[in-house]
Structures are given as structure tokens and as C-alpha cells.
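So the chains spell out like this:
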Amino acid sequence: MAHVDQAVENQDVDANEIRLYSYYRDAELRGSNLIYRLLRVLDDPESQTNLSQHLSDETRHAWLWTELIGELGGSPIKVDDGYQVRIGKRAGLPRHPVDLLALTVVVEQRALRRYIEHLKRPDVRERTLEVLRDVSKDEGWHIDWIRRKGREIAEREGTPERFDEALERFRAIDREVMEELESMEREAGLV
Ligand SMILES: [Fe+2]
Ligand SMILES: [Fe+2]
């Protein structure tokens, strides 16, 4: 009987992990969508080059989570109430490039913070640690160049404060969304 209980318990753990990694995967895929949008609005050669690399990184991150879900014997779960959907409902999709860049910084910083926090948890399986380290290592340059570009455009347009104001606005929304998500994850036993 003990081994049956054990099996059921392991199954539960894997189902929760698959759900959590599906949330991470979804955030990466929807983050890619923001980068796609930036590709259409930022025409300068530096942005076009960086955005191509950036998009390639984000889709690779989504694949790394997908691959890990597969290794655990699962399939990605469709997520329609994740971080990005909730942010989108509150913030809409900004049209101005400076606002779009500010939103991208906020969601990238959140992704990085979530991964770093997960890395510090006890008893994280080795493969998960590997993926967490791999995806985190790209986020530093993503945040740096997007922030620099946002400030540069805001200054060039004669509204230097616009970028930081947008950052503040989106950070407030991000905090609300995270409070909701964390209580949802706690209730579902994901963390
Ligand atoms: Fe990413
Ligand atoms: Fe990123």
C-alpha cells in the first residue's frame, strides 16, 4: 500500500511542477510577442539586430521549459490566466514605443526575479536548476538594452521623464498581478 501512496504523491508533485513550468513557458511565449511588436515599431539597425537575438532567446526559453515538461512525462498546459494575460488586461498593449519598452523592462525584471527566487528554494531537481540558470543568464542583457533604448527614445523626443513614469505605472500593475498570482499559486499548492 505504501508504494501506491508514494506513486500517487509523486504524480501530484509532477502535476504541480508541470503546471508551474507551463506558467513559465507561457510567460516566455507571450514575452516573445512583445518583442515581435517592438520589431515592427523600432526601425533602427541596432534595435533590429538586438531584437532578433532577443526574440531568439525568448523562444529558446519557451522551448527549454517545454522540453523539461516533456522529460517529466507531461505536455504543456494551456495557460489563459498567467502573468502576461493579467498584465495585459490591466495595462493594455501600449502603442508608443517608449511605453512598450518600459512594459518590456518590467515583465523581464519580473521573470528574472521569479527565476532567481525559484533557484533559492530547497529541493529543486537538478534539471530544473539547469533550466533556471540557463534562462536567467540571458535576462541581464535583455533588461539593460531595452532600458537604454527606452531612455534614449524618450530623450530624443524631448520627454525624458516619459520612460521612468511609464516604468512606475507598469511596476504598480506588476505588483498587483503578482499578489494575485502568488495567492493563487499558494492555494493550488504550487509553491
Ligand atoms: Fe526569457
Ligand atoms: Fe528576456
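Residues numbered from 1 in each chain as written. Chains lettered and ligands numbered in written order. Predicted model: local features only at pLDDT ≥ 70, side-chain atom pairs only at ≥ 80, totals over all residues. Heavy atoms only, no water.

Asks: So what's going on with the overall build of the protein? Residues and values would help.
Replies: Across its full length, the protein carries 6 helices and 0 strands. Starting at the N terminus and ending at the C terminus, the protein contains elements arranged as α-α-α-α-α-α. Projected onto its principal axes, the C-alpha positions of the protein cover 70 × 30 × 25 Å. Burial status across the protein gives 46% buried among its 191 residues. Look at the contacts in the protein between residues 6 or more apart in sequence, and 81% of them connect residues 24 or more apart. Working note: accessible area of the protein is about 10,100 Å², and carbon and sulfur atoms make up 51% of it. (Helix = DSSP H or I, 4+ residues; strand = E, 2+ residues; numbered from the N terminus. Buried < 20%, exposed > 50% of the residue type's maximum accessible area, 1.4 Å probe, protein only. Contact = heavy atoms within 4.5 Å. Areas by Shrake-Rupley, 256 points an atom, 1.4 Å probe, with all protein chains shown as cover.)

Asks: Give a description of the nonpolar core that names residues and reports values.
Replies: Counting residues in hydrophobic clusters, the biggest one holds 34 residues, and the most contacted among them are Leu38, Leu51, Tyr83, Leu101, Phe163 and Phe170. When residues of this core are traced back to their parent elements, those giving at least two are α1 (2-41), α2 (45-71), α3 (83-91), α4 (97-119), α5 (126-156) and α6 (161-187). Those residues in contact with Leu51 that sit more than four places away from it in its chain are Ile35, Leu38, Leu39, Leu42 and Trp145. Counting 16 residues, the second largest nonpolar core, distinct from the first, contains Ile18, Leu20, Leu68 and Val135. (Core = buried A, V, L, I, M, F, W, Y, C linked by side-chain atoms within 4.5 Å.)

Asks: Help me get a handle on the coordination of the iron ion (ligand 2), residues and values and all.
Replies: A four-donor tetrahedral metal ideally has 109.5 degree angles, and a six-donor octahedral metal ideally has angles of 90 or 180 degrees. Around the iron ion (ligand 2), the protein supplies Glu58 (OE), Glu108 (OE), Glu139 (OE) and His142 (ND1) as donor atoms, at distances of 1.9 to 2.3 Å. Taken together, the 4 donor atoms coordinating the iron ion (ligand 2) and their angles of 77 to 162 degrees define a geometry best described as irregular. Between the donor residues of the iron ion (ligand 2), the gaps in sequence give the motif E-x49-E-x30-E-x2-H. The metal-metal distance between the iron ion (ligand 2) and the iron ion (ligand 1) is 3.5 Å, with Glu58 coordinating both. (Donors = N, O, S within 2.8 Å, 3.2 Å for Na, K, Ca; no water. Tetrahedral: all angles 85-135°; square planar, octahedral: opposite > 155°, others 65-115°.)

Asks: Any details on the coordination of the iron ion (ligand 1)? Residues and values, ideally.
Replies: The protein atoms that coordinate the iron ion (ligand 1) are Glu28 (OE), Glu28 (OE), Glu58 (OE), His61 (ND1) and Glu139 (OE), at distances of 2.1 to 2.8 Å. As a motif over one chain, the donors of the iron ion (ligand 1) read E-x29-E-x2-H-x77-E.

Asks: Any chance you could break down empty space enclosed by the protein for me, citing the residues and the numbers?
Replies: Inspection of the entire model under this criterion finds 1 cavity of 30 Å³ or more. By volume, the largest cavity is sized at about 180 Å³. Ala27, Glu28, Gln84, Val107 and Ala111 are the residues nearest the centre of the largest cavity, which is lined by 14 residues in total. Going through the elements one at a time, α1, α3 and α4 are the ones with two or more residues in the lining of the largest cavity. Here the lining of the largest cavity takes 6 residues from α4, the largest share from any one element. (1 Å grid on protein atoms, 1.4 Å probe; cavity = no way out; pocket = protein on both sides within 12 Å on 5 of 7 lines; lining within 4 Å. Points joined across faces, edges and corners; volume = space filled by probe spheres on them.)

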